[in-house]
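# Remarks on the overall topology
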Amino acid sequence: MKSLLRRKPLWIVVFVIVVAGVAVLVTWSLRKERFPEGTLFVPRDVATLSEALRLAMPGATIVLDARRGPYSGPVVLSTEGVTLTATRGRAALVGEDEPVVSLRADSTTAKHLDIRGASVGVAVEGTGCRVEDVRAFGGEVAVLLSGSRQGMLERLTITGGRTGVAVLASSGNVLRSLAIRGCDQTGIRLEKARANEVHDASVDGAATGVSVEESEDNAFVGLSVTGASIVGYEVLGGRSNTLEASQIRSSRVGASLERTDESQIGHCRIASTQDAGVSLVEAQRSRLERNAVSPAAGDGVRIAGGKENAVLDGRLSKCQGAAVRIDASDANLVARNEITSGTIGISLVRSSENRLLDNTIVRSGTAGILLLEARRNRLLDNRVEGATSGITLVGAAGNSVLRSVVDHCTLSGVVLANHCQGNDLSENRIARASAGLVAATSSRDTIQGNEVSKCGAGIVLYAPGFGVRIAGNRLVGNDVGLQWQAALDERRTALPLLGVSVVREPSGGTPIVVSNLFARNRRLDVENSTSELLYAGGNRWGDGEAAVSGAVHLPGSAWKGTVVIAAGRDLVDLVLGEALAGVLSEAGFR
């Protein structure tokens, strides 16, 4: 027993020696794996960094001791394949007017560095260069890529300065895991750049989060921008740039596409913008798909000028302007969007040949869909619920509103006002509104095949112009099926909420009211409070007789007007005209 006790210290010594030896071997093995043979250690092997750069052969590795320094720039990697890195933490490098670290040769690498410079922190000019695990502080540009190709930049942290990362005339580079905070001007800027990718970058507090100027085929994925005082993400010119699966919060404008072609924003969330969520200015063939915008102090999506853009499958809510506003822009597609709790759902202003398809708009404070002086637009299969006014056309011409559902509107379901002409409203279902459909000072509009039910008044007419045709509609279960009013109560139209006054003028014609079904209307089927005679023959009246007011004529023709026959002097025209006049006379027309 005493022998074992006497030998115990010897065993302990042996054990400690073995453990230490293993540790040394492991450290040596890791060191050998991390740093290749011929590595130049500064200041162990070489006294200064400049001397190490002079001695470095192609493919060499220079290791800075992070406990020493800071090391002074400029540091130029002008030999192909050279790696500049650090041990025992990040090495600090400082510089003034020139870039602190420049990667000029191809396949050069800089990593594990802390860089402070008044001008440029890291400048990358070569092909296939790498910048990894670098922190940069202050300066005009923290990281600059100029003419660089096929490089990789990852795990960069940038604090302060004017611009975080600038990519100029560079292509094919990949930037990953960037954290940029407090830049005065721009977080990430691309100019005349092509086919670069930026993944998982965050920009906080820059005036402009990301700016892409005169560039093409660049992609941003997983971008996060917060607190941009101007814009979170902007594209100026160029083409085919994309933003995917990204978030922009608390910026004046979330994302902006200006003078660009075929650019895309998809699967993004844009929240708490002081102006527009997404703005397109003179953009063409650009696409917004599956984005969520909420809330926005201005418009959710604003398109001004340009043509052939698409807003698809979006979710837009709590927009104080319009959820989608299209101003002086043509041939755009707005389809399958869900719009809730805003002021105006979709607004078309002085725009033409746009298509609004299968959108759902719920609880719009003023109007679900507004067309102001818009021409030849097509609205198909849209649904508006809970708006003050469902669909409103003001001074609009040649538009089609087809197969849409308008329900539970406080004032009016559909409004045609102020010299609307040539519009087609067909096969729509309108229910539960103070006035189902209002046509005020409109002409040559066709209202046919619609179902209007459970409204105060199914159809309201005021000062109709020539050629208004109301045919084949179902006016069922309203208080009054059809009203022709001598004086329009604008408060039933929501037009005052839009700053629009109805043009006051006498009727320019008698509406054609034919082949409609009037049934179960509680007070009257047809009511006429004007001095004009309304012809309402040729309609169906449900199971009972028509209930009409005075100045409504039921038998005979459903229309009164002048038909010009054989006005010319050609003999054939005269003969045919006389024959047609005889046939019409025998049929009871006078």
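Just so it is clear, the structure is predicted and the values come from calculations on it, not from any experiment.

Here is what the cut-offs are and how they apply
Residues numbered from 1 in each chain as written. Predicted model: local features only at pLDDT ≥ 70, side-chain atom pairs only at ≥ 80, totals over all residues. Heavy atoms only, no water. Helix = DSSP H or I, 4+ residues; strand = E, 2+ residues; numbered from the N terminus. Contact = heavy atoms within 4.5 Å. Areas by Shrake-Rupley, 256 points an atom, 1.4 Å probe, with all protein chains shown as cover. Pairing = 2+ DSSP bridges. pLDDT = per-residue confidence, 0-100. Phe/Tyr/Trp six-rings, centres within 6.5 Å; stacked < 30°, edge-to-face > 60°. Buried < 20%, exposed > 50% of the residue type's maximum accessible area, 1.4 Å probe, protein only. 1 Å grid on protein atoms, 1.4 Å probe; cavity = no way out; pocket = protein on both sides within 12 Å on 5 of 7 lines; lining within 4 Å. Points joined across faces, edges and corners; volume = space filled by probe spheres on them. Nonpolar A, V, L, I, M, F, W, Y, C, P; charged D, E, K, R; others polar.

### Some points on the overall build of the protein chain
- On a plain count of helices and strands, the protein chain comes out with three helices and 56 strands.
- Pairs at least 24 apart in sequence give 32% of the contacts found in the protein chain among residues at least 6 apart.
- Counting only carbon and sulfur atoms, one obtains 51% of the accessible surface of the protein chain, whose full area is about 25700 Å².

### Observations concerning the pairing of strand 14 (residues 174-181)
- Pairing of strand 12 (residues 152-159) with strand 14, which is carried by seven bridges, proceeds in the parallel orientation. Within the sheet, the bridge partner assigned to leucine 153 lies in strand 14 and is leucine 175.
- In this structure, strand 14 lies alongside strand 16 (residues 197-204), joined through seven bridges in parallel fashion. Residue pairing in the sheet places leucine 175 in a bridge with valine 198 of strand 16.

### Focus on the confidence of the model for the protein chain
- The share of residues in the protein chain with pLDDT of 70 or more is 89%, and the mean pLDDT across the chain is 90.
- Scored below 50 in pLDDT, residues 1-8 shows zero contacts in the model against residues more than four places distant or in partner chains.
- Here residues 18-33 is a poorly scored stretch, pLDDT under 50, and it has two contacts once near neighbours within four places are set aside; other chains count.

### A closer look at the packing of aromatic side chains
- A full pass over the atoms with the stated rule returns three aromatic pairs.
- Ring geometry for phenylalanine 220 and tyrosine 233: centres 5.7 Å apart, planes at 75 degrees, overall edge-to-face. On the criterion of sequence distance, the pair formed by phenylalanine 220 in strand 18 (residues 219-221) and tyrosine 233 in strand 20 (residues 231-236) is long-range, its members being 13 residues apart. Each member of the pair, phenylalanine 220 together with tyrosine 233, is buried.

### Some remarks on the pairing of strand 6 (residues 91-95)
- Only one face of strand 6 is buried, namely the one carrying Ala91, Leu93 and Gly95, since none of Ala92 and Val94 on the opposite face is buried.
- Bridging between strand 3 (residues 71-72) and strand 6 involves two bridges; their strand directions are parallel. Among the inter-strand pairings, tyrosine 71 is bridged to a residue of strand 6, identified as leucine 93.

### A few points about empty space enclosed by the protein
- Evaluated as defined, the whole model comprises two cavities of 30 Å³ or more.
- Volume-wise, the largest cavity comes out at about 60 Å³.
- For the largest cavity, the full set of lining residues is Val278, Leu288, Glu289, Asn291, Val293, Val301, Val311, Leu312, Gly314, Leu316 and Asn337.
- The set of elements that each furnish at least two residues to the lining of the largest cavity consists of strand 27 (287-289) and strand 30 (310-312).
- Taken together, the residues of the lining of the largest cavity break down into seven nonpolar, three polar and one charged.
- The volume enclosed by the second largest cavity comes to roughly 30 Å³.
- Lining the second largest cavity, in full, are Ala435, Val438, Val460, Gln485, Leu488, Asp489, Arg492 and Thr493.

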